[in-house]
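# Commentary on secondary and tertiary structure
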Amino acid sequence: MNGPVNRQWLLARRPVGAVVPEDFRYCEAPLPRPGVDEVLVRSLYFGFDASQRIWLTDHGGYLPPVQIGEPVRTMGIGQVVDSRHPDYAVGDLVEGFLTWQDYNIARADGPMPLRVLPKSEDMPLTWHLGVFGVGGLTAYFGVTDVLKVGPGDTVVVSAATGATGSLVAGICKAAGADRVIGIAGGAEKCRWIVEHAGYDEAIDYQNEDIGARLAELCPEGVNAYFDNVGGDMLDSLLLSMAPRGRILICGAMASGYTDVQLQGPRNYMFICVKMLTVQGILLTFYRDRLQEGGQEMGRLIAEGRLHVEEHIVDGFEHAPALLPTLFSGKRPGKLLLKVADPV
Ligand SMILES: NC(=O)c1ccc[n+]([C@@H]2O[C@H](COP(=O)([O-])OP(=O)(O)OC[C@H]3O[C@@H](n4cnc5c(N)ncnc54)[C@H](OP(=O)(O)O)[C@@H]3O)[C@@H](O)[C@H]2O)c1
């Protein structure tokens, strides 16, 4: 093959149950050519998101499923190497939907715009996938626009070490919340969220009874629950909510995302008798407010209210092994893969 090699990780088969590295197949292909209104983007960083597992199902969830033999969809940062779209110039750094390959054809339209990143900045490029990416902006709009957290609120957050959850406490505190309690797996992660991520208290879901701990920590009940986990944890929280409490359904990590059709909570009648409000969130609904969200997150960072944590693994070859770690054993913060440096 002449010219640059385009390394790819393709979906080899539909994962059954937990995703494993063997679900993907390595391949090398020629460079694709951009058509009208398209750009050719060289991959620099891939972000890892649990929703990638949903896109590997037959259904695909809120986006079309990745087909067998196709490169795996990811959020990523890249650099434009060829452009047939007036809004993108060669050399621009961009963030948006890419796939697990060195060179991607990207479009400006689609569920999320391909964003051109500002040229000179004194912050790491990778922050555009984390604190200014899907996790950070979902945390921001989830707290401020959906849960409308404010003074007097006791907030509980599940998956509190995650890319999203690790930012939620700081946003809640800035919004005036009285107390923010995080749920994480194991004593070390519980310590981390209190010491680094701004949580007042932590509950260890692997070793403690969540309901009993919540009764102890907030006998008046939980005013707002930022739910990243679903399953039994959501059922416990339904019992622990204060009257007229608010719940944000952000994710369902407990399901492993092996299917899009999940069993709902058993305790759902407490939504009725406590007059709770339950609302979902999907960042694509905020596509016209992303800039505003980014500015507000920038302000919170400048004010020292947010701790930004990243774990960057180097090397394209590691992509298939990293995706399963989202569901067990992942370190706190945003998980990223470095593919190449910008030129
Ligand atoms: N709706 C949206 O627009 C949107 C946007 C961003 C994220 N999300 C969702 O938010 C959730 C978190 O994503 P993220 O990117 O913030 O996290 P992440 O960085 O991918 O980390 C995964 C987190 O999930 C926790 N976790 C994994 N399996 C779990 C289980 N069985 N029970 C309890 N916790 C479990 C882990 O905590 P431990 O290590 O403590 O187990 C870890 O904190 C996902 O469900 C994701 O789909 C939704």
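So, here is what we can say about the structure in this document. Because the structure is predicted, anything quoted here is derived from the model rather than measured.

What the rule picks out here adds up to ten aromatic pairs. Relative to Phe141, the ring of Tyr140 has its centre 5.2 Å away and its plane inclined at 75 degrees; by these criteria the two rings are edge-to-face. Given a relative accessible area of 10%, Tyr140 falls into the buried group. Its relative accessible area of 0% is what places Phe141 among the buried residues. Each residue in the set Trp9, Tyr26, Phe46 and Phe316 is aromatic and connected to the rest through ring pairs, giving one cluster.

It is worth spelling out the site of the ligand at this point. Close to the ligand lie 28 residues; Thr164, Gly185, Lys189, Tyr205 and Tyr257 are nearest. Note that an oxygen atom of the ligand is positioned 2.8 Å from one of the side-chain N or O atoms of Thr161. Bound to the protein, the ligand loses 91% of the 910 Å² it would expose on its own. Of the residues belonging to the shell around the ligand, the class tally is 18 nonpolar, eight polar and two charged. Counting contributing residues, the shell around the ligand receives three or more from each of domain 1 (6-129 + 309-338) and domain 2 (134-284).

Relative to the helices and strands, Asp153 resides in the loop between helix H2 (134-146) and strand E8 (154-157). A relative accessible area of 8% means that Asp153 is categorised as buried. Not counting the four nearest positions on each side in its chain, Asp153 is found in contact with Lys148, Ala177, Asp178, Arg179, Asn223 and Arg246.

Under the criterion given, the structure shown has 20 salt bridges. We note a salt bridge from Glu303 to Arg299, for which the minimum N-O separation is 3.0 Å. For Glu303, a relative accessible area of 42% gives the class partly exposed. Residue classification places Arg299 among the partly exposed residues on the basis of a relative accessible area of 40%. Salt bridges linked by common partners bring Glu296, Arg299, Glu303 and Arg305 together as one network.

Once that is clear, we can look at the environment of Arg289. By secondary structure assignment, the location of Arg289 is in the loop between strand E13 (277-280) and helix H8 (290-302). Classification of Arg289 by relative accessible area gives partly exposed; the value is 30%. Along the primary structure Arg289 and Leu137 are separated by 152 residues, whereas in three dimensions their C-alpha atoms are 9.7 Å apart. Leaving out residues up to four positions away in the same chain, Arg289 has contacts with Phe141 and Asp145. A polar contact of 2.9 Å, which involves the side chain of Arg289, links it to the side chain of Glu292.

About the criteria used
- Residues numbered from 1 in each chain as written.
- Predicted model: local features only at pLDDT ≥ 70, side-chain atom pairs only at ≥ 80, totals over all residues.
- Heavy atoms only, no water.
- Phe/Tyr/Trp six-rings, centres within 6.5 Å; stacked < 30°, edge-to-face > 60°.
- Buried < 20%, exposed > 50% of the residue type's maximum accessible area, 1.4 Å probe, protein only.
- Near = heavy atom within 4 Å.
- Polar contact = N/O pair within 3.5 Å; in protein donor to acceptor, adjacent residues only side chain to side chain.
- Areas by Shrake-Rupley, 256 points an atom, 1.4 Å probe, with all protein chains shown as cover.
- Nonpolar A, V, L, I, M, F, W, Y, C, P; charged D, E, K, R; others polar.
- Domains from an automatic or database assignment.
- Helix = DSSP H or I, 4+ residues; strand = E, 2+ residues; numbered from the N terminus.
- Contact = heavy atoms within 4.5 Å.
- Salt bridge = Lys/Arg side-chain N within 4 Å of Asp/Glu carboxyl O.

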